[in-house]
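Architecture at a glance
The chain contents come next:
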Amino acid sequence: MDKEEIPGWIMSLDKESVEFIRKFILNSGSLKNMAKIYDVSYPTVRSKLDHLIKKIELNSKKEDVEFVNLIKNLVIDERLSLDTAKLIIDKYKSERSDS
């Protein structure tokens, strides 16, 4: 598979997320096994998986531009509040429509 053929949602993932997916597949999708591997509780692994699912869903949407996806990923990673993200995205979109 050429680099150009790799889906954008895969390219948007960081190394840690890709490694999590690899381990998840190798452990037949067992969250119980994943909790043992990462030495964390089951709910912690479930939460990580839920965040990863949100990232994949977000980056599977073709209509959003890269900048908006970056802001949305920061919200998912809890590095930016939802209210702040909405302000940034609204401002970005309004400036793009003004041009």
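Summarised in this report is the structure supplied together with it.

A word on the packing of helix H3 (residues 31-38) against helix H4 (residues 42-60). Angle between the axes and distance between the axes are the two parameters that describe a pair of packed helices. With their axes 8 Å apart at the nearest point, H3 and H4 run at an angle of 105 degrees to one another. Considering the angle they form, H3 stands roughly perpendicular to H4. Here Leu-31, Lys-32, Met-34 and Ala-35 of H3 lie close against H4, whose contacting residues are Tyr-42, Val-45, Arg-46 and Leu-49. Class assignment for the residues of the contact of H3 with H4 results in 6 nonpolar, no polar and 2 charged.

Counted by the stated rule, this structure contains 3 aromatic pairs. Residues Phe-20 and Phe-24 carry aromatic rings whose centres are separated by 6.3 Å and whose planes lie at 10 degrees to one another, so their mutual orientation is stacked. Here Phe-24 and Phe-20 lie together in helix H2 (residues 15-26), a separation of 4 residues that amounts to about one turn. Geometrically, the ring pair formed by Phe-67 and Tyr-92 is tilted, given 4.6 Å between the ring centres and 40 degrees between the ring planes. Placement of the pair is Phe-67 in helix H5 (residues 66-76) and Tyr-92 in helix H6 (residues 82-98), with a sequence separation of 25 residues. Over the face of the ring belonging to Tyr-38 we find Lys-23, whose NZ or CZ atom lies 4.8 Å from the ring centre. Cation over ring: Lys-48 sits above Phe-20, and NZ or CZ is 5.4 Å from the ring centre.

Bringing the pattern of salt bridges into the picture now. In the structure shown here, the tally under the stated rule is 5 salt bridges. For Asp-77, the salt bridge is made with Lys-55, and the minimal N-O distance between the two is 3.2 Å. Of this pair, Asp-77 sits in the loop between H5 and H6 while Lys-55 sits in helix H4, and the two are 22 residues apart along the sequence. Given the relative accessible area of 10%, Lys-55 is considered buried.

This part takes up the packing of H2 against H4. Where H2 meets H4, the axes come as close as 11 Å, and the angle between the chain directions of the two elements is 115 degrees. Classified by chirality, the crossing of H4 by H2 is left-handed. When H2 is examined against H4, the residues Glu-16, Ser-17, Phe-20, Ile-21 and Phe-24 are found in contact with a partner set consisting of Val-45, Lys-48, Leu-49, Leu-52, Lys-55 and Ile-56. Tallied by class, the residues present in the contact of H2 with H4 amount to 7 nonpolar, 1 polar and 3 charged.

What counts, and where the lines are drawn
Residues numbered from 1 in each chain as written. Predicted model: local features only at pLDDT ≥ 70, side-chain atom pairs only at ≥ 80, totals over all residues. Heavy atoms only, no water. Axes fitted to C-alpha atoms, helices over the stretch in contact; angles between N-to-C directions. Helix = DSSP H or I, 4+ residues; strand = E, 2+ residues; numbered from the N terminus. Parallel < 35°, antiparallel > 145°, perpendicular 65-115°, else oblique. Contact = heavy atoms within 4.5 Å. Nonpolar A, V, L, I, M, F, W, Y, C, P; charged D, E, K, R; others polar. Phe/Tyr/Trp six-rings, centres within 6.5 Å; stacked < 30°, edge-to-face > 60°. Lys NZ or Arg CZ within 6 Å of the ring centre and 35° of its normal. Salt bridge = Lys/Arg side-chain N within 4 Å of Asp/Glu carboxyl O. Buried < 20%, exposed > 50% of the residue type's maximum accessible area, 1.4 Å probe, protein only. Left-handed = near helix turned anticlockwise from the far one by under 90°.

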